[in-house]
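Letter by letter, the chains look like this.
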Amino acid sequence: MKKLTKALAVLSMFGGAMFGTQALAEPFKIGICYDLSKAYTFATPQVSQAAMDLAKLINMKGGIGGEPVEVIVRDHGNEPQRGIECYSKLSREGVFVFDTLSTPVSLAILPRAMEDGRILMQSLVGRGDAVDGTVFDWVYPIGPTYWGQAANDVAYIKQLHDGDLSDVKVGFVYFDYPFGQEPIEILETLSEKEGFELELYPVPLPGSDQAGVWSKVRRDKPDHVIVWMLGGAHVVASKEMKRNRIPMDKYISVNWLNEVDIANIGKEAAKGIKRGTNVVGGQDIALYQEIMAELYDKGEGSGPIEKTQDVFYNTGLAMYSIMFEAARKAAEAEGLPITPTSYKAGLESLEGYDANGLMAPITVTAEDHGGGGKTRIEMWDGETWVPQTDWISEYTDVVWGVVKESSAKYEQ
């Protein structure tokens, strides 16, 4: 009872401070239907914690247009049917902005969101062709698709070889299921365009057995190895590379490589490893430091501080900064309450937005729901991540050619 009384007192103060003596305004809600129990637990706790922290910070400042914000977190266990149930239940509760952080669940929800006129955010997951806003008008995969990331990796390799890839061999090590297979078409197209040799190395799930793959890499001697794997598979790969005497600086990972992976590989052993990213790593970030000062230093954080010291927490801050900024723009342009239509317009008015240096700048339009697809390559130097490129978005003609070809099939 004491705890309940205290909570009610805090709620009363919160309402009075923000909204005078009137009742609390209806909050702007985002539905976070995540896998918090199975396949994606290497990232979902950090991302959801960032979302909750950001909502707390915004509410401390008076919400958006005087309206509080709320993130509702539910577990779907990476099961499409549970994801649909989460979507349906929260829709009935007035939620019209959703994020799943799961490709299978996003694919299951997408046709429903399109039919219902609700916003489906799908940064870093889902259909790569959903960046085509002329077809997927309610879906927003803001940030780099895997197609765009892979293209930018090739651009980086080209930069290392003074603009000539004709005598270069590139290996692609990937989980042998849709997530890992997705960049293959882009890599094959660029191989033909630029003249480099492409070798494919599928890794069976869950990635614990990679001995044969890296023995073959040793024999084939690629100049660079682009890697599309997750979590502990990076640790297995590093051990196999060491056993086969393959230099770590050949390794260029998809964005799903974090500080936990580095610690498990070993800070010194991981020296030279690279990753593509669309967010700044580390804690020297204005938004992060504000959250520390306003929440964690006062014991008000949404989870353990250790989870914040991870690039996936920064990824969450970037994703939800975009979502709340779109809400702010919607309220500013069309007032309250925010509606699906006004929120959509808010998203499509984002121009050069980088959350004060947190991420690659994005510009969303009615045609391009990806925001430009910029990434940069970073290298682990034994202590921190060092940028190797500026924010880049290369081979956009090739990427968009594949996007248009794929999205046209969905239209049919």
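This structure is a prediction, so every number in the text was calculated from the model and none was measured.

### Structural notes on the layout of surface pockets
Consideration 1: The space that makes up the second largest pocket amounts to roughly 370 Å³.
Consideration 2: Around the second largest pocket, the lining is made up of 16 residues, and of these Leu54, Ile58, Lys61, Leu287 and Tyr353 lie nearest the centre.
Consideration 3: Contributing elements (two or more residues each) for the lining of the second largest pocket: α2 (44–60), α11 (286–294) and α12 (311–334).
Consideration 4: For the lining of the second largest pocket, the leading source of residues is α12, giving four residues.
Consideration 5: Residue composition of the lining of the second largest pocket, by class: nine nonpolar, three polar and four charged.

### Side note on the nonpolar core
Nonpolar side chains tend toward joint burial in soluble globular proteins.
Consideration 1: Grouped together as the largest cluster of nonpolar side chains are 117 residues, with contacts concentrated most on Tyr320, Phe324 and Tyr343.
Consideration 2: Counting contributing residues per domain, this core is built from domain 1 (28–144 + 282–373) and domain 2 (147–277 + 377–396), each supplying no fewer than three.
Consideration 3: If we ignore the near neighbours within four places in the chain, the residues touching Phe324 are Phe28, Ile30, Ala51, Leu54, Ala55, Ile58, Ile64, Val69 and Val71.
Consideration 4: Leu90, Ala113, Met114 and Ala130 belong to the second largest nonpolar core, which has 17 residues in total.

### Regarding the packing of α11 against α12
Consideration 1: Packing of α11 against α12 leaves a shortest axis separation of 11 Å and a crossing angle of 100°. Accordingly, the angle class assigned to the pair α11 and α12 is roughly perpendicular. Note on element contacts: α12 touches α11 through Tyr313, Asn314, Leu317 and Ser321, opposite Leu287, Tyr288 and Ile291.
Consideration 2: Considered class by class, the residues forming the contact of α11 with α12 number five nonpolar, two polar and no charged.

### Digging into the pattern of salt bridges
Consideration 1: Per the counting criterion, the structure on display carries 19 salt bridges.
Consideration 2: Here Lys61 and Glu290 are joined by a salt bridge, their closest N and O atoms 2.6 Å apart. Of the two residues, Lys61 is situated in the loop between α2 and β2 (69–75) and Glu290 in helix α11; the sequence distance between them amounts to 229 residues.
Consideration 3: The exposure class assigned to Lys61 is exposed, which follows from its relative accessible area of 57%.
Consideration 4: A relative accessible area of 27% places Glu290 in the partly exposed class.
Consideration 5: Among the ionic contacts, a cluster of salt bridges with common partners joins Lys38, Asp75, Glu79 and Arg82.

### Overview of the confidence of the model for the protein
Consideration 1: For the protein, the average pLDDT comes to 93, and 93% of its residues sit at 70 or higher.
Consideration 2: Scored below 50 in pLDDT, residues 1–23 makes 15 contacts in the model with residues more than four places away or belonging to other chains.

### So, the sheet that holds strand β6 (residues 169–175)
Consideration 1: Pairing is mixed across the open sheet formed by seven strands, whose spatial order is β7-β6-β8-β9-β10-β11-β12. Lying at the two open borders of the sheet, with one neighbouring strand each, are β7 (197–203) and β12 (385–387). The mean inter-strand angle of the sheet, taken between neighbouring strand axes irrespective of direction, is 25°.
Consideration 2: In the sheet, strand β10 (residues 274–277) pairs with strand β11 (residues 376–380) via four bridges, with the strands oriented antiparallel.

### Side note on the environment of Asn314
Consideration 1: On the secondary structure map, Asn314 appears in helix α12.
Consideration 2: Sequence separation between Asn314 and Leu287 is 27 residues; the distance between their C-alpha atoms is 9.4 Å.
Consideration 3: Once residues within four sequence positions are removed from consideration, Asn314 is found in contact with Val279, Val280, Gly281, Gly282, Ile285, Tyr288, Thr308 and Leu358.
Consideration 4: A polar side-chain atom of Asn314 sits 2.8 Å from the main-chain carbonyl oxygen of Val280.

The rules behind the values
Residues numbered from 1 in each chain as written. Predicted model: local features only at pLDDT ≥ 70, side-chain atom pairs only at ≥ 80, totals over all residues. Heavy atoms only, no water. 1 Å grid on protein atoms, 1.4 Å probe; cavity = no way out; pocket = protein on both sides within 12 Å on 5 of 7 lines; lining within 4 Å. Points joined across faces, edges and corners; volume = space filled by probe spheres on them. Helix = DSSP H or I, 4+ residues; strand = E, 2+ residues; numbered from the N terminus. Nonpolar A, V, L, I, M, F, W, Y, C, P; charged D, E, K, R; others polar. Core = buried A, V, L, I, M, F, W, Y, C linked by side-chain atoms within 4.5 Å. Buried < 20%, exposed > 50% of the residue type's maximum accessible area, 1.4 Å probe, protein only. Domains from an automatic or database assignment. Contact = heavy atoms within 4.5 Å. Axes fitted to C-alpha atoms, helices over the stretch in contact; angles between N-to-C directions. Parallel < 35°, antiparallel > 145°, perpendicular 65-115°, else oblique. Salt bridge = Lys/Arg side-chain N within 4 Å of Asp/Glu carboxyl O. pLDDT = per-residue confidence, 0-100. Pairing = 2+ DSSP bridges. Polar contact = N/O pair within 3.5 Å; in protein donor to acceptor, adjacent residues only side chain to side chain.

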